[in-house]
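A look at the structure
As a plain string of letters, each chain reads:
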Amino acid sequence: MESMLSSILIFGGTGYFGRYMVKASVKMGHPTYVYSRPMTPQTHPSKIELLKEFQSMDVNIVQGELDEHEKLVWVIQQVDVVISALAYPQVLDQLKIIDAIKVAGTTKVFIDPALHFRSLIQIGS
């Protein structure tokens, strides 16, 4: 029986945890997308290098802001799973992602690993 791999979109994919999620997704063979802020002259060289590395791994890079609702909806329509690896200060920005997921109507799963990690810590205590 042939299994279909889910396409995965990762917000925060250039951050501390997100970069590992991107690499794991690619390693497992999933078509992988990263939604990243647009690069500017102030973009740190390490982020530029990381994005180049992702491109060499056939990761689809979509540059945009979380306020770009139409772009969010469009990219979410391309995938099955959305993972948010946004840093804690951006936790409320996830509401913009959730709104776009509702409009897109195609995403099967939304994952916030930080919430799950905190839950696991609480369960393990």
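Residues numbered from 1 in each chain as written. Predicted model: local features only at pLDDT ≥ 70, side-chain atom pairs only at ≥ 80, totals over all residues. Heavy atoms only, no water.

**Let's talk about a nonpolar patch on the surface**
Taken together, the side chains of Y88, V91, L92 and L95 define a hydrophobic patch exposed on the protein surface, amounting to about 460 Å² of accessible area. Here L95 shows up in helix α4 (residues 94-104). (Patch = residues over 30% accessible without salt bridge, like charges linked within 9 Å, V, L, I, M, F, W, Y side chains within 5 Å. Areas by Shrake-Rupley, 256 points an atom, 1.4 Å probe, with all protein chains shown as cover. Salt bridge = Lys/Arg side-chain N within 4 Å of Asp/Glu carboxyl O. Helix = DSSP H or I, 4+ residues; strand = E, 2+ residues; numbered from the N terminus.)

**Let's talk about unusual backbone geometry**
One non-glycine residue, D58, adopts positive backbone phi at about 65°. Within the secondary structure, D58 sits in the loop between α2 (45-56) and β3 (60-63). Residue D58 is classed as exposed on the basis of its relative accessible area of 65%. (Buried < 20%, exposed > 50% of the residue type's maximum accessible area, 1.4 Å probe, protein only.)

**Details of α2**
In this model α2 runs 17 Å from its N-terminal to its C-terminal C-alpha over 12 residues, within 8% of the 16 Å that 1.5 Å per residue would give. Regarding α2, the residues found buried are K47, L50, L51 and F54. On an axial view of α2, the arc spanned by its buried residues comes to 100°, and they lie on one face. Pointing more than 90 degrees away from the buried face of α2 are the exposed residues P45 and S56. As for α2, its buried residues are in contact with α1 (18-27), β2 (32-36) and β3. (Expected span 1.5 Å × (residues − 1). Arc of directions from axis to C-beta. Contact = heavy atoms within 4.5 Å.)

**Observations concerning the sheet that holds strand β4 (residues 81-84)**
Strand order in the open sheet formed by five strands is β3-β2-β1-β4-β5, with parallel pairing between adjacent strands. Looking along the sheet, the strands with just one partner apiece sit at the ends: β3 and β5 (109-111). Mean inter-strand twist for the sheet, computed between neighbouring axes without regard to direction, equals 20°. In this sheet, β3 lies alongside β2 in parallel orientation, the contact comprising four bridges. What sits directly across from S36, in β3, is Q63. (Pairing = 2+ DSSP bridges. Axes fitted to C-alpha atoms, helices over the stretch in contact; angles between N-to-C directions.)

**Describing the packing of aromatic side chains**
This structure, assessed with the given rule, holds three aromatic pairs. Ring plane angle 80° and centroid distance 5.1 Å describe the contact between Y16 and F17, whose orientation is recorded as edge-to-face. Judged by its relative accessible area of 61%, Y16 is exposed. Among the residues examined, F17 registers a relative accessible area of 60% and is labelled exposed. An aromatic cluster of three or more residues is present, and its members are Y16, F17 and Y20. (Phe/Tyr/Trp six-rings, centres within 6.5 Å; stacked < 30°, edge-to-face > 60°.)

**Examining the packing of α1 against α2**
Relative orientation of the contacting elements α1 and α2 amounts to 10°, with a least axis distance of 11 Å. Relative to α2, the element α1 lies roughly parallel. The crossing of α1 and α2 is left-handed. Side by side, α1 and α2 meet where R19, V22 and K23 of the first sit next to L50, E53 and F54 of the second. Partitioned by chemical class, the residues of the contact of α1 with α2 number three nonpolar, no polar and three charged. (Parallel < 35°, antiparallel > 145°, perpendicular 65-115°, else oblique. Left-handed = near helix turned anticlockwise from the far one by under 90°. Nonpolar A, V, L, I, M, F, W, Y, C, P; charged D, E, K, R; others polar.)

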